[in-house]
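Architecture at a glance
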Amino acid sequence: MTSEIPVPHPAPTHSVADDVLGILCGTIVVSVGLFLLRAGGVVTGGTAGLTLLLDYTTPIPFGVLFLAINLPFFLLAIRSKGWGFVLRSALAIALVSVFASFHALPGIGALGEITLNPFYAAVIGSVVASVGVIILFRHGASMGGFNIVGLILQDKLGWRAGYVMMVGDAAVVAASIATSTWLVVAASALGVVTMNLVIAFNHRPGRYVAATARRPSARV
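Residues numbered from 1 in each chain as written. Predicted model: local features only at pLDDT ≥ 70, side-chain atom pairs only at ≥ 80, totals over all residues. Heavy atoms only, no water.

1. Concerning the overall build of the protein chain
Looking only at helices and strands, one finds 7 helices and 2 strands in the protein chain. Along its sequence from the N terminus, the protein chain presents helices and strands in the succession β-α-α-α-α-α-α-α-β. A buried classification covers 42% of the 220 residues belonging to the protein chain. Restricting the contact set of the protein chain to residue pairs at least 6 apart, pairs at least 24 apart contribute 73%. Accessible area of the protein chain: about 11300 Å², with a carbon and sulfur share of 71%. (Helix = DSSP H or I, 4+ residues; strand = E, 2+ residues; numbered from the N terminus. Buried < 20%, exposed > 50% of the residue type's maximum accessible area, 1.4 Å probe, protein only. Contact = heavy atoms within 4.5 Å. Areas by Shrake-Rupley, 256 points an atom, 1.4 Å probe, with all protein chains shown as cover.)

2. So, the layout of surface pockets
In this approach a probe as big as a water molecule rolls over the atoms, and the regions it shows empty are the leftover space. Counted as a void, the second largest pocket has a volume near 170 Å³. Listed by contribution, the elements that provide at least two residues to the lining of the second largest pocket are helix H1 (16-39), helix H2 (46-55) and helix H3 (62-103). Here the lining of the second largest pocket is composed, by residue class, of 8 nonpolar, 1 polar and 2 charged. (1 Å grid on protein atoms, 1.4 Å probe; cavity = no way out; pocket = protein on both sides within 12 Å on 5 of 7 lines; lining within 4 Å. Points joined across faces, edges and corners; volume = space filled by probe spheres on them. Nonpolar A, V, L, I, M, F, W, Y, C, P; charged D, E, K, R; others polar.)

Pasting the structure below:
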């Protein structure tokens, strides 16, 4: 007769191939989520939200804005998370910028320009994007911005990254009041809560670091 008990176990390391594939999959998923949010005219949180907010009001391409807004956060990440994290995050942001621009292109199999109900876009787009963000977290990367701040505070203080990010995201949504209708702001707030709850529930300190081991139990 045996019983199963959880025992501490170091998180498994990823090979280069694992990280490449993980970052590629994560960025594709995030870019699809951002495309859905944009199709609903919804503002999400973080640097992606700031980029969408500016994208609606300026002629500068989404990819260029996204890269520029994220640069200051990399300076913060270099000391706290290391160059490996920064380089992987920079690669992730560059890939999302490329993929997000590609999705909107007409023809060649891309999604093209579509219009979605803002509440549908907020919920579905946020769930899709948050899954991509979690994949990136698992492979030592992020989407920059508040992702970086959230991960640093989670490592240092044990705060859940999703909750930390929600505070910054709320500020971005509040800023959208100046350029959006109350309907869009309400949808954006719903999307921010959805995205960060998914991240908070699925990426938190102590989770995914235990393995199941077997040991003989006393005979009775």
